[in-house]
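# Structural features, examined
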Number of protein chains: 2
Amino acid sequence: MATTPAQTTETTARGGRDRAKRADAVRNVEAIVAAATRVLAADPDASINDIAKAAGVGRVTLYGHFDSRATLVREVVDRAMAQTDAALADLDLDGDPRAALGRLLETTWHLTHRFGAIVIAGTQVLPPEELRRAHEGPMSRTRSVLERGRAAGELRADMPLEWQLSVIQAIIHGASAAVHRGEITADEAPALVRDTALAALTA
Amino acid sequence: MATTPAQTTETTARGGRDRAKRADAVRNVEAIVAAATRVLAADPDASINDIAKAAGVGRVTLYGHFDSRATLVREVVDRAMAQTDAALADLDLDGDPRAALGRLLETTWHLTHRFGAIVIAGTQVLPPEELRRAHEGPMSRTRSVLERGRAAGELRADMPLEWQLSVIQAIIHGASAAVHRGEITADEAPALVRDTALAALTA
DNA sequence: GATAAACTGTACACACCTGTTCGAGTTAGC
DNA sequence: GCTAACTCGAACAGGTGTGTACAGTTTATC
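Keep in mind it's a predicted model, so treat the numbers as computed, not measured.

## A few points about the overall build of chain A
Check the secondary structure of chain A and you find nine helices and zero strands. Start at the N end of chain A and walk to the C end: the helices and strands fall as α-α-α-α-α-α-α-α-α. Overall, chain A is about 60 × 35 × 35 Å in size when its C-alpha atoms are taken along their principal axes. In chain A, buried positions account for 29% of the 203 residues. Taking all contacts inside chain A whose residues are at least 6 apart in sequence as the whole, residues at least 24 apart take part in 65%.

## Description of the interface of chain A and chain B
The interface is formed by 20 residues belonging to chain A together with 20 residues belonging to chain B. At the level of elements, α8 (161-181) and α9 (189-201) of chain A are the ones that each hand at least two residues to the side of chain A that touches chain B. Ranked by residues supplied to the side of chain A that touches chain B, first place goes to α8 of chain A with 10 residues. Residue composition of the side of chain A that touches chain B, grouped by class: 11 nonpolar, six polar and three charged.

## Concerning the protein's contact with DNA strand D
Taken together, 24 residues lie near DNA strand D, and A23 and S68 of chain A together with N28, G58 and T61 of chain B sit nearest. Secondary structure elements with two or more residues in the surface near DNA strand D: α1 (23-42), α2 (48-54) and α3 (59-65) of chain A together with α1 (23-42) and α3 (59-65) of chain B. For the surface near DNA strand D, the class distribution of residues is nine nonpolar, eight polar and seven charged.

## Remarks on the nonpolar core
I171, A175 and V193 of chain A together with I171, A175, V193 and A197 of chain B are the most contacted members of the largest nonpolar core, which totals 43 residues. Of all the elements in the fold, those that place two or more residues in this core are α5 (97-115), α7 (128-151), α8 and α9 of chain A together with α5 (97-115), α7 (128-151), α8 (161-181) and α9 (189-201) of chain B. Other than its neighbours up to four places away in sequence, A197 of chain B contacts L105, I168 and I171 of chain B.

## Re helix α6 (residues 118-125) of chain B
Residue and element names in this part refer to chain B. For α6, the set of buried residues is I118, V119, A121 and G122. Taken down its axis, α6 places every buried residue within 160 degrees of arc, on the same side. Its buried side turned inward, α6 meets α1, α4 (69-89), α5 and α7.

## So, the environment of T112 of chain A
With respect to the secondary-structure elements, T112 of chain A resides in helix α5. The spacing of T112 of chain A and Q169 of chain A is 57 residues in sequence and 9.3 Å in space, taken between C-alpha atoms.

## A word on the relation of the copies chain A and chain B
Screw-axis analysis of chain A against chain B gives a translation of 0.0 Å along the axis, an RMSD of 0.2 Å, and a rotation angle of 179 degrees. In short, the pair behaves as if placed about a two-fold rotation axis. Every residue of chain A has its C-alpha some distance from the rotation axis, and the shortest such distance is that of A200 of chain A, at 2.1 Å. Most of the interface of chain A is mirrored in chain B, where 100% of its interface residues again form contacts.

## Side note on the protein's contact with DNA strand C
What surrounds DNA strand C is a group of 25 residues, the closest being N28, G58 and T61 of chain A together with A23 and S47 of chain B. Listed by contribution, the elements that provide at least two residues to the surface near DNA strand C are α1 and α3 of chain A together with α1, α2 (48-54) and α3 of chain B. Classifying every residue of the surface near DNA strand C gives eight nonpolar, nine polar and eight charged.

## Description of the environment of R38 of chain B
Residue and element names in this part refer to chain B. On the secondary structure map, R38 appears in helix α1. Residue R38 is classed as partly exposed on the basis of its 17 C-beta neighbours within 10 Å. Residues R38 and G174 lie 136 residues apart in sequence; the distance between their C-alpha atoms is 19 Å.

## Here's the deal with the confidence of the model for chain A
On average, residues of chain A score 88 in pLDDT, and 90% of them are at 70 or above. Note that pLDDT drops below 50 for residues 1-18 of chain A; the model gives that stretch eight contacts with residues more than four away or on any other chain.

## Concerning α1 of chain A
If you check α1 of chain A, its first and last C-alpha atoms are 29 Å apart, about what 20 residues at 1.5 Å a residue would give, namely 28 Å. Elements that come into contact with the buried residues of α1 of chain A comprise α2, α3, α4 (69-89), α5 and α6 (118-125) of chain A.

Conventions we followed
Residues numbered from 1 in each chain as written. Chains lettered and ligands numbered in written order. Predicted model: local features only at pLDDT ≥ 70, side-chain atom pairs only at ≥ 80, totals over all residues. Helix = DSSP H or I, 4+ residues; strand = E, 2+ residues; numbered from the N terminus. Buried ≥ 20, exposed ≤ 12 C-beta atoms within 10 Å, placed from the backbone. Contact = placed C-beta atoms within 7 Å. Nonpolar A, V, L, I, M, F, W, Y, C, P; charged D, E, K, R; others polar. Near = placed C-beta within 6 Å. Core = buried A, V, L, I, M, F, W, Y, C linked by C-beta atoms within 7 Å. Arc of directions from axis to C-beta. Least-squares fit on C-alpha atoms with pLDDT ≥ 70 in both. pLDDT = per-residue confidence, 0-100. Expected span 1.5 Å × (residues − 1).

So, in structure tokens, the structure goes:
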């Protein structure tokens, strides 16, 4: 329990109005987003009711904080992308392109697996170009490493770069699905993803 | 009420009752299955209404031929699998494992791309083990070629076989998605799938 | 401890999808 | 050309999901 008030919460977040949001309201919003992330990652078609229940909150309360399903999904996607971007920003992508790509692959896999079907939930609600823009950030990092590897002759350049990006995405998603099916464990997945994708992109 | 047996059309199909089906009924059933295949391949969540409309038939008529959505989906999946199995049976899978796998990959891609999201429609309606059994046929062909290649030292054997199957599936589905997004053309896809998958599975 | 913000459950309006029933019109088949 | 099979639209029942309105209660904050 915070005994020291002093600029309690963020007044700058969205509505930045005169009054600050009440502490329990902030807590609930947080619980809702967290629950939505968890639930939607498992089932992109989960209802608002499921999410509210998972957050330990009434459905009406949820609507008090988010205008619509789309708004909530957008928030979840935004946070996921922000987290993704932050994790990727910590990565050292210099040096040997293959090694850099390997690190990038492992990290990306962890993120993809954590966020699972949220992307799907996004595609069903958000306009395509908005989704495209969200993907752009992480994608561009991979693309630049890929370009560097191709230019250095360490990665094969005899197929479209966009195709190679698709392959990477496909393998990562495939690994996540394979883990869910129990064919491989979450522990061995990163190495498999890295080795397989690197092999696929090597001449 | 059987006035004339006659054995006109297929009395053996399913209900194998006394009277033969009328010609227009057969035609409609065919149109429905074709439309369902087409529509569900694009959107696995398409409603019965959409399918009936696409088939140029009333919704009630559709229900006259198929008890429920599940029945229709089952029929569509069954036909797709039969077609798949037939196409794969024509393939020569002997000789050099890599060449055989290459042929298998190209053919499988064509089939997957044609049937698209039908698998998803299936997973949502049919019991898991029924789907599993449907997948078993085509999957087992790939598995045996894969095993042969691994044993011959032509394909890498340092990762689980099940994982390699997942990778193949992921690349094929990824290619189909990439074509839909317009990143690559349907013409260049088979070669890309073959080359990429073979590279991924080669030591 | 007073006040306003926030929470709660219930209930309603609306939309969509599934599956069924009905009566009337159309058509294939003998 | 008769008859049974087939088709059609409209309409209903049951289910689910979204979003809103209301009235009462809790609770943070000053």
